[in-house]
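Structure at a glance
Chain residues, written in single-letter form:
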Amino acid sequence: MTVRPNGLFPSMRVSTAFFYAIVFVAATLTLYFMLELMSSRRPSPATELTPSDKPIVAQLEEKLAAVEATIKKNQELVAGLQAKLSYMLREQVPVVQEHPVTDKRTTTLTTREHKVRPEGMVEVARVAGVEGSADQCPALKWTMSKADVQMLKAYDIIPFDNPDGGVWKQGWNVSYSPSQWSQDRPLQVFIIPHSHNDPGWLETFEKYYEKQTKNIFDLMVKKLPVHSKRKFIWCEISYLSLWFQTASEEQKNVFKKLVKEGQVEIVTGGWVMPDEANSHYFALVNQLVEGHEWIRNHLGPHVVPKNGWAIDPFGFSPTIAYMDKLMKFDAMLIQRVHYSVKKYLAMERALEFHWRQNWDQEGKTDIFTHLMPFYSYDIPHTCGPDPKICCQYDFKRLPGTGRVSCPWKIPPRVVSQANVQERSETLLDQYRKKSQLYRTNILMAPLGDDFRYDTSSEWDQQYINYEKIRDFINSHPEYNAQFEFGTLNDYFTAVKEESLDSNGSSLAFPTLTGDFFTYADRDDHYWSGYYTTRPFWKMMERTLEARLRATEIAFAMYLARAERRKQSSETATIDAQLQKLVQARRNLALFQHHDGITGTGRLHVVMDYAMKMIGALDNCGQLLSRSLSYLLATEKKDDSEYVPGPKLRVTEVFQYFNQPSRKERLIVDQSGMFVVVSNSLGWTRSEVVTVRVNNPRVAVVMMENKKVVPAQLSPVWVGKTEKVEKEEFELTFIATVGALGAVTYMVVDEKAVIAGDRGHTTTHVATPAKLEVFLNDVIPVESSGVFAIQSSKYASGYKIENDHFIAEFDGQTGYLQKVIHKESRLTFNTRIKFVKYGTSSKPDKSGAYLFLPDGDAVDYVPQTEKGGRVPVILRLVRGPLISELHVVMTEVVHIVRVVHSPGVDGQALMVENRADITRQYNYELAMHIQTNISNKDLVTDLNGFQLIRRVAHAKLPLQANYYPMPTTAFLEDETARLTVLTGQPLGVAGLQKGALEIMLDRRLAQDDNRGMGQSVADNVPATPSFFRLLLEPNPGQLPAKNYPLLSLSAYHAWHSLLYPMATLMAEKPAEPVWWADTLVGNVSGLVGDLPCDVHLVGVRTAVAAETDDGMVSAGKQGTGESTEGPTALLMLHRGAVDCRGRTAGVRCSMVADGKINLKTAFTGLFTFPYVEEGSPSQLHKGQLLPADATVILQPMHIRAFRFPLL
């Protein structure tokens, strides 16, 4: 028997701890009863109760109820202790913390204010806002991290001159001295066979699998077991999961054995190899966790990816480096980096470095990173600097074996006894030259390419010929070299061992901060086009991401409540519901592939991705509706009984892969229709919500108090005309919803009976907006019968405003000209216009990947197909909640909207552009914003996770100064700041001082010779893009050496845009007794808001088990009596914000020390009988936190917690 460190056997540990827990609870209850009996007055049994005694009896009843509640609470405590102890025994989790745990005081949480009940004008609903201070925002003191290489500074040094380097075109003639190696210190070469499998590009995911990937796996389990020294690495779990569904048991067992014995290494282990420019960090974490969860359920918890492998994304983000570190990776590898940057790092022998986050003040985020030095990851560009020679060692290209050959016209030769020496020495020469670019005598030689090893002949050709070379070199010690097949982990382990000196200290590798955008592979071919290519599906992805996140949270809340109620009718269907959720996760994860969200797949592949996303949106809509319906149920006295909430469905639906979403129309008659507004953020929100209705004479009633809330009726315009729909209207009202809560409203006909008021007044009815149409010439505009439409010639200018600012527009173009900030009285000259680019006249032109413009942008002018100028139509809408100006042009409808709201949506100008460039070719349309801000740089975000400074370099072409804008960009000087928030990833540039330019759509007539083989001509008419422009007084510009920060207002507006409140409607009209108290309730959500800078990334229900054919279960984990119900992963991210000054529209509080108590923060939603903190990956055991522990959240870090859903 094995004795445990504390000297107790497992059963003794559990029984002893449980015994003392029971004793403690019993003693507590006994003491409680004694004190209560001693302190309570009791009437004599011989006397009859008098009226004066009744309060005493009531007091006794209250105390008895309190005792019952305490008993129930203690029962829950005992159950929690039992679950925790059972979990500790099963998982052997150490009761230790990686992060410091403070005392058990709860965090300072803001108790939700009394809900705003605006009556009449909106002004009465204003929120006071948050007064922040510097000590509450530690990131204000952060300087940019210290590093040996700072990429922003490196760009000042690198000449970007691109001279001809000889055989290594983008480098130099590399030389070496053979004496630098010895038998004691040989050159150790790891030959790493791999196959890069795109989950969609030229073919769909499934078609690639059928044609090639299935063969790769089938041959892998056939060929590798024959030779134990042969190795292979695999990355994409999406393909592995597909193979497991059809592979035989014998094949799967062989694969597991290969992994266990180290012949096959799973690298990264994500669902895909994601794009790093456009993807949001929520989706990046999702695809990583999805892959690791699949590994755990199919390969076992002992299979743990240790290294990242990213050879094909088009540029690299430090966010991925942070995620890899979060997943507890040891090291990572990257490939596609600007050729001049590679040369600069290679000359410094800095192609291996510790990648550090820009904001990391202590180096805790460092991860060892290997950058491949040459043009590509294929075999001609991985053995050494001369691709003409390296191609001769790609034995798939042997003459007569297939369509692949060497472009340098010198084919490979089969290695034989006659030529083995020459073949070996030639390859060794390339390996030696490549090794001069690195700091150790350990060399990596990847051996693979796209969809390689899909034929039996290639497996034999590659391995057998390399084995002959390996055996020859290893048998001749005079070469001072050792060759072997290896995995990525073999290589990194050897590097680590060699880098240790005799004292065990690590030899110095440089540290590096920054990112690797924008990528260029040769000449001026910058890959900045894909930041924007196919923006419609980028927008659809963000919609799916928001809905999936909201669904995950609501589903976890629903499941936890169902588990507590022990309602078999609900828990019996959990697995079927989880199946839909998992499919949605995987469809979102699949689109993160670097030929998915980038827009660089062929048209039929894009269509396939889109249909998968529509399916995921539908799944999420069903689950969100069901979860909220259950959570809205009104409980009776017995928890097991409840009145079901209304059956719901989401109001926004995508029906077709190439059409904008459709808003469901509420059919409102005298019965009325329920509308549920759900808030997935951890902060209370008061924001405008808009739904479509068929009836113009309606009112909005909050069901909780039966009060009418202010509402506005606005038109639905007919296309690009001055006409409005007559049977469809937009109904807008302000919804106030608590953190993670949902509120039910009723939309009723004006004739409906309102509770407590059998009559009605016109104030109940939504106020119609006032409409004006401005044209080049005055023509009569048909009245709609609901809206009085005035028609006029262009005015000298237009204004719309709310409590915070005034927006002024040009009278002829309708473009924004200035914004006046009322509180500070600052005037922001903010001029919006549209510009366009053509493509280069050179042979190389713009395509899906590349942006190769024909020069500087020119102003966009609406024109007919024959080139005649087209006057714009201006549509002005004014109302108590929304005012907006529409500029209707041939290629774009531009809308600027002002919201009269007490929330963060009232702090910013809302901009919507509906681009339609389907009449054009080689045409790229951008929105240009010119301000009077005297900025020194442009700040953009990386994956919605962090910010980075950008500088426009005159020595680089225009396209090189375009950068990814996944969620935001801002300009600032000492007095003012403009923050632009985007609802979809696009390309952005700051080409002139005070200016910011955002690409909206691209239509290109040719392929750009990067493999896709198609033009980009599938643009969707009226492709929408959504922005918020936040103009703020600046309390003081942070120095350029400091890490850039969003203001607290921008931080909240950012999340408000990315995660809008979901609106759902009842599937059928309400019953006539809709005012009854028992019909429907609200979802209370959190008892108090999370701290202002703490974002709830998500709550993800775990898949406890999955069959090989893909059937999942949240079911019971463990075996025997140690069973456990569903568990979830909760992730929190504390943002780094600038909280100086007043932040209007925000209700939460700042917490200076970052403390938060999970049990207190999520009271009523989750009970947390135990919490395990660690990596988001289930493949790593976390550390069990003490009961009721308070954790400290550091700015910028993500913390992950696992807990049972109870």
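None of the values given here were measured: they were computed from a predicted structure.

A word on the nonpolar core
Counting residues in each nonpolar core, the largest one holds 245 residues, and the members touching the most others are Leu240, Phe255, Tyr431, Phe516, Phe1162 and Phe1166. Excluding residues within four positions of it along the chain, Phe1162 makes contact with Leu740, Leu1086, Leu1090, Leu1096, Leu1130 and Phe1168.

Concerning the sheet that holds strand β51 (residues 1094-1101)
Taken together, five strands build an open sheet; the order of strands is β51-β54-β61-β58-β59 and the sheet is antiparallel. Both edges of this open sheet fall to β51 and β59 (1183-1184), since each of them pairs with a single strand only. Across seven bridges, the pairing between β51 and strand β54 (residues 1127-1134) is antiparallel. Each residue of the ladder has a partner; that of Arg1100, found in β54, is Leu1129.

Points about unusual backbone geometry
With an omega of 0 degrees, the peptide bond running from Phe517 to Thr518 counts as cis. Positive phi outside glycine occurs at Arg349, with the angle close to 50 degrees. By the element assignment, Arg349 lies in the loop between α9 (339-347) and β9 (352-356). Taking the relative accessible area as the measure of exposure, Arg349 reaches 37% and is therefore partly exposed. A positive phi is found at Leu740, a non-glycine position, where the angle reads about 55 degrees. Note on placement: Leu740 falls in the loop between β25 (724-737) and β26 (742-749). When its relative accessible area of 5% is taken as the criterion, Leu740 is described as buried.

Quick word on the packing of aromatic side chains
Throughout the structure, instances matching the rule amount to 61 aromatic pairs. Here Phe205 and Tyr239 contribute two aromatic rings whose centre-to-centre distance is 4.9 Å and whose plane-to-plane angle is 45 degrees, an arrangement assigned as tilted. Of this pair, Phe205 sits in helix α4 (residues 205-223) while Tyr239 is found in helix α5 (residues 237-246), placing the two residues 34 residues apart along the sequence. For the pair Phe205 and Tyr239, a shared accessibility class is recorded, and that class is buried. A ring pair is formed by Phe774 and Tyr798, whose centres lie 4.7 Å apart and whose planes are at 55 degrees; its orientation type is tilted. With Phe774 in strand β28 (residues 770-775) and Tyr798 in strand β30 (residues 797-801), this residue pair connects regions lying 24 residues apart in the sequence. Tyr798 shares its class with Phe774; the two are buried. One residue, Arg549, lies across the ring of Tyr1059, its end atom 4.5 Å from the ring centre. We note Arg977 situated over the ring of Phe970; from NZ or CZ to the ring centre the distance is 4.1 Å.

Notes on the pairing of strand β21 (residues 685-693)
Judged by how many residues are buried, β21 sits mostly within the fold: eight of nine residues are covered. Summarising the sheet, strand β19 (residues 665-666) and β21 pair through two bridges and their orientation is parallel. What sits directly across from Leu666, in β21, is Val693. The pairing of β21 with β25 spans nine bridges and is antiparallel. Directly across from Arg692, in β25, lies its bridge partner Glu730.

Thoughts on the environment of Met323
Following the sequence through the fold, Met323 ends up in helix α8 (residues 318-326). When the C-alpha atoms of Met323 and Val285 are compared, they prove to be 7.2 Å apart, with 38 residues separating the residues in sequence. Those residues within four positions of Met323 in sequence are excluded, and the remaining contacts are Tyr281, Val285, Leu288 and Ile1198.

A few points about the sheet that holds β28
Sheet strands pair via backbone hydrogen bonds, and the direction of the pair is either parallel or antiparallel. What the 11 strands build is an open sheet, ordered β29-β28-β35-β36-β37-β38-β47-β44-β43-β40-β41; its pairing is mixed. On the outer flanks of this sheet lie β29 (789-793) and β41 (946-950), each paired with one strand and no other. Across the sheet, the mean angle separating the axes of adjacent strands is 20 degrees when strand polarity is ignored. Looking at chain direction, strand β35 (residues 873-878) and strand β36 (residues 882-888) are connected through five bridges and run antiparallel. For Leu874, the partnering residue across the bridge sits in β36 and is Val887.

A closer look at the state of the cysteines
All chains considered together, the criterion is met by four disulfides. The partner cysteine of Cys383 in its disulfide is Cys390, sulfur to sulfur 1.9 Å. Across the S-S bond linking Cys383 and Cys390, the dihedral sits near -85 degrees, which makes this disulfide left-handed. Just as Cys383 is buried, Cys390 falls in that class too.

Focus: the side chain of Ser435
As for its placement among the helices and strands, Ser435 is situated in helix α11 (residues 420-435). Engagement of the side chain of Ser435 in a polar contact is seen with the backbone oxygen of Arg432, the distance being 2.6 Å. In this structure Ser435 touches Trp181, Leu187, Arg349, Thr440 and Leu443, once residues within four positions along its chain are discounted.

Points about the pattern of salt bridges
Pairing between side chains of opposite charge can happen when their charged atoms approach one another. Tallying each qualifying case throughout the model produces 58 salt bridges. A salt bridge links Arg585 to Glu293, with the shortest nitrogen-to-oxygen separation between them at 4.0 Å. With Arg585 in helix α16 (residues 574-591) and Glu293 in helix α7 (residues 281-298), the pair connects residues that are 292 residues apart, well separated along the chain. As far as burial versus exposure is concerned, Arg585 and Glu293 are alike and both buried. Close ionic contact of Glu552 with Arg585 constitutes a salt bridge, the shortest N to O distance being 2.6 Å. Placement of Glu552 in helix α14 (residues 535-565) and of Arg585 in helix α16 is noted, with a sequence separation of 33 residues between them. Given the relative accessible area of 0%, Arg585 is considered buried. Overlapping salt bridges, with partners in common, bring together Glu290, Glu293, Glu552, Arg585, Arg586, Arg1100 and Glu1106 in one network.

What about helix α18 (residues 1048-1058)?
Most of α18 sits out of view: 11 of its 11 residues are buried. Inspection of α18 places Leu1048, Ser1049, Ala1050, Tyr1051, His1052, Ala1053, Trp1054, His1055, Ser1056, Leu1057 and Leu1058 among the buried residues, and these make up the whole buried set.

Some points on helix α6 (residues 249-260)
Helix length check: α6 (12 residues) gives 16 Å between terminal C-alpha atoms against 16 Å at 1.5 Å per residue, within 8%. When α6 is considered as a whole, its buried residues turn out to be Lys252, Phe255, Leu258 and Val259. Angularly, the buried residues of α6 cover 120 degrees about the axis, an arc narrow enough to put them on a single face. The outward face of α6, more than 90 degrees from its buried face, is lined by the exposed residues Glu249, Glu250 and Lys260.

About the thresholds
Residues numbered from 1 in each chain as written. Predicted model: local features only at pLDDT ≥ 70, side-chain atom pairs only at ≥ 80, totals over all residues. Heavy atoms only, no water. Core = buried A, V, L, I, M, F, W, Y, C linked by side-chain atoms within 4.5 Å. Buried < 20%, exposed > 50% of the residue type's maximum accessible area, 1.4 Å probe, protein only. Contact = heavy atoms within 4.5 Å. Pairing = 2+ DSSP bridges. Helix = DSSP H or I, 4+ residues; strand = E, 2+ residues; numbered from the N terminus. Phe/Tyr/Trp six-rings, centres within 6.5 Å; stacked < 30°, edge-to-face > 60°. Lys NZ or Arg CZ within 6 Å of the ring centre and 35° of its normal. Axes fitted to C-alpha atoms, helices over the stretch in contact; angles between N-to-C directions. Disulfide = S-S within 2.5 Å. Polar contact = N/O pair within 3.5 Å; in protein donor to acceptor, adjacent residues only side chain to side chain. Salt bridge = Lys/Arg side-chain N within 4 Å of Asp/Glu carboxyl O. Expected span 1.5 Å × (residues − 1). Arc of directions from axis to C-beta.

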